Amino acid sequence: MLRGMTWDHPRGYACLEAASERYLAETGNAITWDHRSLQAFADASIEDLANSYDLIVLDHPHVGLIAETQCLLPLDPPFGDGSLGGSLESYIWKGQLWAYPIDAACQVAVSRPDLKPVPLPHWEAALDAKPCDFRMATPLLPVDAFDLFMTLVAGRGEEELPFSHTQFTSKVNGVIALKVLKSLYRLGPAEAVDWNPIDVLEAMSTTDEFAYSPALFGYINYARERFRPYKLEYVDLPSFADTGLKRGILGGAGIGVSARRGSAETARQFAAWIASEPVQSGIYIENEGQPANPATWNRLADDSRYSGFLKGARRTMDAAWTRPRDIWFLSFVDDACKIFPDFFRKDRDEEDFWAELNTLYRHNIAESEK
């Protein structure tokens, strides 16, 4: 029996458990799945998990450390279906593929159609808006705030991060991104500093308090009928007025195979199977899964069960932007997340905060080079 580790949301486990039952019936190979929290999905050591699990669902910023430790096995390229928003490429590091994309997401906007939301026409509109103008909520839990910071910088046309060996972003784009972030905090509830995307989606789909969120990682479940009392629809991100770029930071998940367990070939076969178009277009999406196979997105774009997710923000998904994956990046994110709450709650100066982020960036670069 194979053991797998995924993350603790129906999107992360219901699809894998249902597909594994089908796989058992077809092949006789059984797979059991354990779940970790969304925060642990971002933070947990893949090297440690590889000691206990044959299959690991993971986030692509881990691939630099995976390649360094060789804790997962390199995989053969998948056949034929291409890549959605760079999802496949995000798992390639040092010329090798470390996971198959099985779940595609990026930061997009979301609305409650029945509340007739007014979307942000462009990011600059947030700077002088009043809270009543948009009835919005933005998830600003530190890791989401930092991801949105990078989305905003990329939306300014600065897509090659880090900017230099001494600056994570340029000053001009970093500061304007922080000013927009501060405005989004002002336009939403103060408690959004503690909210992740699920918290915002739950509030939007179960209450009438919020009609719009300008940027969060999309979850297909909330665009389905009867998943929650109110159905949501995903739409493209705002852009800056002078660039028009909708560069939502890439999220999603891939599935990797442990190099430290004894069932590698069987695990590889399942990983390729779960990523294939027939599975993604069938039992996977039918059981709360959010597919990464582009052929599935094309095939089901007009299906009323899924179009609220697969169609409305497709332009943003196709243009998704990939985070750094170097070995210093995850520790830098951890350090940045420690200071983000005070940026909002203590109304820290944007230029001073940008300078501190760059100090943390340089420290983590130096630590990685020792």
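The structure displayed is predicted, hence computed values, not measured ones.

Enquirer: Describe in detail the overall build of the protein, supporting the description with residues and values.
Expert: For the protein, the helix and strand inventory stands at 15 helices and 10 strands. Computed over the C-alpha atoms, the radius of gyration of the protein is 20 Å, within 12% of the 21 Å expected from 2.2 N^0.38 for a compact globule of 370 residues. Principal-axis analysis of the C-alpha atoms places the extent of the protein at approximately 60 × 55 × 30 Å. Burial status across the protein gives 58% buried among its 370 residues. Side chains of the protein carry 36 positive and 53 negative charges; the gap between the two charge centres is 2 Å.

Enquirer: If you had to explain the sheet that holds strand β2 (residues 31–36) to someone new, which residues and values would you point to?
Expert: Spatial ordering of the open sheet is given by β2-β1-β3-β10-β6, a layout of 5 strands whose pairing is mixed. Edge positions in the sheet fall to β2 and β6 (100–103), since each of these pairs with one other strand and no more. Across the sheet, the mean angle separating the axes of adjacent strands is 30 degrees when strand polarity is ignored. As paired strands, strand β3 (residues 55–58) and strand β10 (residues 253–257) are joined by 4 bridges and run antiparallel to one another. When the sheet's bridge partners are listed, L55 is paired in β10 with V257. Here helix α1 (residues 10–27) sits on the sheet in contact with β1 (2–7), β2, β3 and β6, set at roughly 175 degrees to β2.

Enquirer: An account of the pairing of β3 is requested, with residue identities and associated values reported.
Expert: Both faces of the sheet carry side chains from a regular strand, because those side chains alternate between them. The alternating pattern of β3 places L55 and V57 on one face and I56 and L58 on the opposite face, and all of these are buried. By the bridge criterion, 2 bridges tie β1 to β3 in an arrangement that is parallel. Across the sheet, the residue bridging to M5 is I56, located in β3.

Enquirer: Which residues make up the packing of aromatic side chains, and what values do they have?
Expert: In this structure the tally under the stated criterion is 27 aromatic pairs. When the centroid spacing of 6.4 Å and the interplanar angle of 85 degrees are considered together, the rings of F168 and W328 count as edge-to-face. A residue pair is termed long-range when its members are at least 10 positions apart, and F168 in the loop between α6 (142–155) and α7 (171–187) and W328 in the loop between α13 (314–318) and α14 (329–345) qualify at 160 residues. By relative accessible area, F168 is classed as buried at 2%. For W328, a relative accessible area of 6% puts it in the buried group. Judged by centre distance (5.2 Å) and plane angle (85 degrees), the ring pair of Y234 and F309 falls under edge-to-face. Within this pair, whereas Y234 is found in strand β9 (residues 233–235), its partner F309 is found in helix α12 (residues 307–310), the two being separated by 75 residues in sequence. For the pair Y234 and F309, one class covers both residues: buried. Chaining the aromatic ring pairs together yields one cluster made of F146, F149, F168, Y185, W328, F329, F332, F340, F343, F344, F353 and Y361. Taking the ring centre of F240 as reference, the NZ or CZ of R156 above it sits at 5.1 Å.

Enquirer: Can you explain the sheet that holds strand β8 (residues 212–217)? Please cite residues and give values.
Expert: Reading across from one edge, β8-β7-β9 is the order of the 3 strands in this open sheet, with antiparallel pairing throughout. The two strands at the open ends of the sheet, each matched to only one other strand, are β8 and β9. Geometrically, the sheet is characterised by an average inter-axis angle of 40 degrees between neighbouring strands, direction not taken into account. Note: strand β7 (residues 107–111) against β8, 4 bridges, orientation antiparallel. Paired with Q107 across the strands is F217, a residue of β8. Lying over the sheet, α6 contacts β7 and β8, oriented at roughly 105 degrees with respect to β7.

Enquirer: Kindly report on the pattern of salt bridges, identifying the contributing residues and their values.
Expert: Summed over the entire model, instances satisfying the criterion amount to 25 salt bridges. Note that R305 and D303 form a salt bridge whose closest N and O atoms lie 2.8 Å from each other. For R305, a relative accessible area of 45% translates into the label partly exposed. In this structure, a network of salt bridges that share partners links the residues K179, K182, D347 and E350.

Enquirer: Could you give me a rundown of helix α15 (residues 350–368), with the residues and numbers involved?
Expert: Over its 19 residues, α15 runs 27 Å from end to end, which matches the ideal 27 Å to within 8%, given 1.5 Å per residue. Among the residues of α15, E350, F353, W354, L357, N358, L360, Y361, N364 and I365 are the ones counted as buried. Down the axis of α15, the buried side of the element spans an arc of 160 degrees, and every buried residue falls inside it. Where α15 is buried, its residues touch α6, α7 and α14. Residue D349 occupies the N-cap position of α15, its side-chain oxygen lying 3.1 Å from the main-chain nitrogen of E351.

How each quantity is defined
- Residues numbered from 1 in each chain as written.
- Predicted model: local features only at pLDDT ≥ 70, side-chain atom pairs only at ≥ 80, totals over all residues.
- Heavy atoms only, no water.
- Helix = DSSP H or I, 4+ residues; strand = E, 2+ residues; numbered from the N terminus.
- Rg over C-alpha atoms; globule rule 2.2 N^0.38 Å.
- Buried < 20%, exposed > 50% of the residue type's maximum accessible area, 1.4 Å probe, protein only.
- Lys, Arg positive; Asp, Glu negative; His and termini not counted.
- Charge placed at Lys NZ, Arg CZ, Asp CG, Glu CD.
- Pairing = 2+ DSSP bridges.
- Axes fitted to C-alpha atoms, helices over the stretch in contact; angles between N-to-C directions.
- Contact = heavy atoms within 4.5 Å.
- Phe/Tyr/Trp six-rings, centres within 6.5 Å; stacked < 30°, edge-to-face > 60°.
- Lys NZ or Arg CZ within 6 Å of the ring centre and 35° of its normal.
- Salt bridge = Lys/Arg side-chain N within 4 Å of Asp/Glu carboxyl O.
- Expected span 1.5 Å × (residues − 1).
- Arc of directions from axis to C-beta.
- Polar contact = N/O pair within 3.5 Å; in protein donor to acceptor, adjacent residues only side chain to side chain.

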